[in-house]
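Spelled out, the chains give:
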Amino acid sequence: MNDTRGAKERIAFLRSLRAVRSFRPEPVPEGVVNDMLEVARWTGSASNRQPWTLVIIREREILRALARMEGYAKHLAGAALGIVPVMDGEREEQEIYDEGRLCERIMLAAHAHGVGSSVGWFVGSGVDEVKEMLGVPPQRRVRSAISLGYPDETSRRRRMGQARKPLAEIVREERYG
Ligand SMILES: Cc1cc2nc3c(=O)[nH]c(=O)nc-3n(C[C@H](O)[C@H](O)[C@H](O)COP(=O)(O)O)c2cc1C
């Protein structure tokens, strides 16, 4: 698929990734999960340090407990599975960037299989509570979780605004100002 039409389809795929926060109950097949993990594994990182460990959570009670923790990850409660990236906690600035790339790639791999996803952040006491619950050592860094599952198209939960700034507002030629 190296023709223009193939490229257009791939661009449309990339552009169509949206946060999904309501899920149908059916599980995500192992093959799909493996694809997501394989894409995650090949994510580029600063100095190729690969400073991450992925904790996969399928148990409903744990997902619900994580969803209650301080932050913005309530959607974990209804997810088929959650992934919590645990970062090494050695080079903060690089790892924040690495974690974003990692999460985006997992979401895109899921999207390729029709699986919806959303990132959710833990804040305040939520961070330590997540570490405690998952057995993460204090020096490691936990910031986010990804909820995954087949989208519940019937959900009437309001989605956050999805409008985007026009290109004319966000792109400058040659110089910022
Ligand atoms: C760095 C980052 C942090 C985010 N944190 C949360 C979050 O804590 N909870 C949540 O539900 N969505 C979170 N999101 C998803 C955004 O709200 C979402 O991408 C944005 O509203 C645009 O919607 P769309 O992705 O559906 O186009 C986050 C996204 C990014 C990139």
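An account of the accompanying structure is given in this report. Here the structure is a predicted model, which is why all the values come from computation and not from measurement.

1. Side note on the nonpolar core
Point 1. If you look at the biggest cluster of nonpolar residues, it comprises 22 residues, and the most contacted ones within it are Val28, Met36, Ile106, Val115 and Leu148.
Point 2. Elements that contribute at least two residues to this core include exactly α2 (30-41), β2 (81-87), α4 (92-112) and β5 (144-149).
Point 3. Here this core gets seven residues from one element, more than from any other, and that element is α4.
Point 4. Core analysis: the next-biggest nonpolar cluster, separate from the first, contains 15 residues, Ala73, Leu76, Val127 and Val142 among them.

2. Concerning the site of the ligand
Point 1. In the region of the ligand, 12 residues are neighbours, and Arg18, Ala19, Arg21, Tyr72 and Arg164 sit closest.
Point 2. A distance of 2.6 Å is found between an oxygen atom of the ligand and a side-chain nitrogen or oxygen belonging to Arg18.
Point 3. Val119 has a polar backbone atom sitting 3.1 Å from a nitrogen atom of the ligand.
Point 4. Compared with its free state, where it exposes 620 Å², the ligand has 65% of that area covered by protein.

3. Concerning the pattern of salt bridges
Point 1. Under the criterion given, the structure shown has eight salt bridges.
Point 2. The salt bridge partner of Glu9 is Arg5, with a shortest N-O separation of 3.6 Å. Highlighted residues: Glu9 and Arg5, both in helix α1 (residues 4-15), separated by four residues, approximately one helical turn.
Point 3. Look at Arg5 and you get exposed, because its relative accessible area is 62%.
Point 4. Glu38 is the partner of Arg41 in a salt bridge, and the nearest nitrogen-oxygen pair spans 2.7 Å. Taken together, the positions of Arg41 and Glu38, both in helix α2 and three residues apart, correspond to about one turn of that helix.
Point 5. According to the relative accessible area criterion, Arg41 is partly exposed, its value standing at 48%.

4. Considerations on unusual backbone geometry
A negative phi angle is the norm for most residues apart from glycine, just as the trans form is the norm for most peptide bonds.
Point 1. Of note, Asn48 is a non-glycine position whose phi angle comes to about 50 degrees, a positive value.
Point 2. Turning to its location among the elements, Asn48 is positioned in the loop between α2 and β1 (52-57).
Point 3. The phi angle at Gln50 is positive, at roughly 50 degrees, despite the residue not being glycine.

5. Examining the side chain of Ser117
Point 1. Looking at where Ser117 falls in the secondary structure, it is placed in strand β3 (residues 116-121).
Point 2. Ser117 gets classed as buried once you look at its relative accessible area, which sits at 1%.
Point 3. Setting aside residues no more than four positions away along its own chain, Ser117 makes contact with Arg18, Ala19, Val20, Phe23, Met107, Ile146, Ser147 and Leu148.

Thresholds, definitions, all that
- Residues numbered from 1 in each chain as written.
- Predicted model: local features only at pLDDT ≥ 70, side-chain atom pairs only at ≥ 80, totals over all residues.
- Heavy atoms only, no water.
- Core = buried A, V, L, I, M, F, W, Y, C linked by side-chain atoms within 4.5 Å.
- Buried < 20%, exposed > 50% of the residue type's maximum accessible area, 1.4 Å probe, protein only.
- Helix = DSSP H or I, 4+ residues; strand = E, 2+ residues; numbered from the N terminus.
- Near = heavy atom within 4 Å.
- Polar contact = N/O pair within 3.5 Å; in protein donor to acceptor, adjacent residues only side chain to side chain.
- Areas by Shrake-Rupley, 256 points an atom, 1.4 Å probe, with all protein chains shown as cover.
- Salt bridge = Lys/Arg side-chain N within 4 Å of Asp/Glu carboxyl O.
- Contact = heavy atoms within 4.5 Å.

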